[in-house]
Amino acid sequence: LDYAFIDAQEFAAPQVPQSLSDQTLSLAGVTIQTVLVQHSFPAYGIILKHKSGFSCVYSGDTRPCDELVEAGKGASLLLHEATHADDMKPK
C-alpha cells in the first residue's frame, strides 16, 4: 500500500500543487480521481468509482465547474458541501 501525507498548507498555496492535480489512484476495487475545481484558492473535487459500478462525487463549495461536471457524469451519488465563514456573509 503506497500513500503520502500531504500538508494541509499545500491546499492554500497560491499555485496548484502538481502532485494533486488530476490524479487517479486504485485501491481495493475503488478508483479515486481528483479534479481541480473553481474556488477562491486551489481546491479539488473527488470522484470515487467502485468496481460494482457505484460512484460518488464529492466537492466543497465551487463555482460552476465544467471539469467536475464532466468527471462526475453518471455518478450514483453527489455530495456537495457549500458553507462559508460568518465573516464572508454578504453585507
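Fair warning: this is a prediction, and the values are worked out from it, not measured in the lab.

The rules behind the values
Residues numbered from 1 in each chain as written. Predicted model: local features only at pLDDT ≥ 70, side-chain atom pairs only at ≥ 80, totals over all residues. Heavy atoms only, no water. Helix = DSSP H or I, 4+ residues; strand = E, 2+ residues; numbered from the N terminus. Polar contact = N/O pair within 3.5 Å; in protein donor to acceptor, adjacent residues only side chain to side chain. Contact = heavy atoms within 4.5 Å. Patch = residues over 30% accessible without salt bridge, like charges linked within 9 Å, V, L, I, M, F, W, Y side chains within 5 Å. Areas by Shrake-Rupley, 256 points an atom, 1.4 Å probe, with all protein chains shown as cover. Salt bridge = Lys/Arg side-chain N within 4 Å of Asp/Glu carboxyl O. Buried < 20%, exposed > 50% of the residue type's maximum accessible area, 1.4 Å probe, protein only. Pairing = 2+ DSSP bridges. Axes fitted to C-alpha atoms, helices over the stretch in contact; angles between N-to-C directions. Core = buried A, V, L, I, M, F, W, Y, C linked by side-chain atoms within 4.5 Å.

**Q** What am I meant to see in the side chain of threonine 62 here?
**A** Within the fold, threonine 62 resides in the loop between β4 (55-59) and α1 (66-71). One polar contact links the side chain of threonine 62 to the main-chain carbonyl oxygen of glutamine 38, over a distance of 2.8 Å. Setting aside its immediate chain neighbours within four residues, threonine 62 contacts Val37, Gln38, Leu68 and His80.

**Q** Got a minute to help me understand a nonpolar patch on the surface in this structure?
**A** On the surface, a nonpolar cluster with roughly 480 Å² of combined accessible area is contributed by Ile46, Leu48, Phe54, Tyr58, Leu77 and Leu79. Looking at the nonpolar patch, the elements with two or more residues in it are β3 (43-50) and β5 (77-80). Assignment of secondary structure puts isoleucine 46 in strand β3. On the accessibility criterion, isoleucine 46 (33% relative accessible area) is partly exposed.

**Q** Would you mind showing me how to read the sheet that holds β3 here?
**A** Pairing is mixed in the open sheet, where five strands are placed in the order β1-β2-β3-β4-β5. Sheet topology places β1 (24-27) and β5 at the edges, where each strand pairs with a single neighbour. Taking the axes of each pair of neighbouring strands and ignoring which way they run, one obtains an average angle of 15 degrees across the sheet. Judged from the four bridges that link them, β4 and β5 form a sheet pairing that is parallel. In the strand pairing of β5, valine 57 is matched with leucine 78.

**Q** Even after reading the chapter, I still don't get the nonpolar core, so can you show me in this structure?
**A** What tends to happen in soluble globular proteins is that the nonpolar side chains get buried as a cluster. One finds Val35, Val37, Ala43, Ile47, Val57, Cys65, Leu68 and Ala71 forming the largest nonpolar core, which totals eight residues. Elements with a contribution of two residues or more to this core: β2 (30-37), β3 and α1. For alanine 43, the contacting residues outside a window of four places in its chain are Val35, Leu36 and Val37.

**Q** How should I be thinking about the pairing of β2 in this particular structure?
**A** One face of the sheet, then the other: side chains in a regular strand alternate in exactly this way. By the bridge criterion, four bridges tie β1 to β2 in an arrangement that is antiparallel. Of the residues in β2, the one forming a bridge with leucine 27 is valine 30. Counted between consecutive antiparallel strands, the loop separating β1 from β2 contains two residues, among which alanine 28 sits at a positive phi close to 50 degrees. When β2 meets β3, the two strands line up antiparallel, connected through eight bridges. Each residue of the ladder has a partner; that of leucine 36, found in β3, is tyrosine 44.

**Q** Honestly, the environment of alanine 82 in this entry has me stumped. Any pointers?
**A** Tracing the chain through its elements places alanine 82 in the segment after β5. With 20 residues separating them along the chain, alanine 82 and threonine 62 place their C-alpha atoms 7.8 Å apart.

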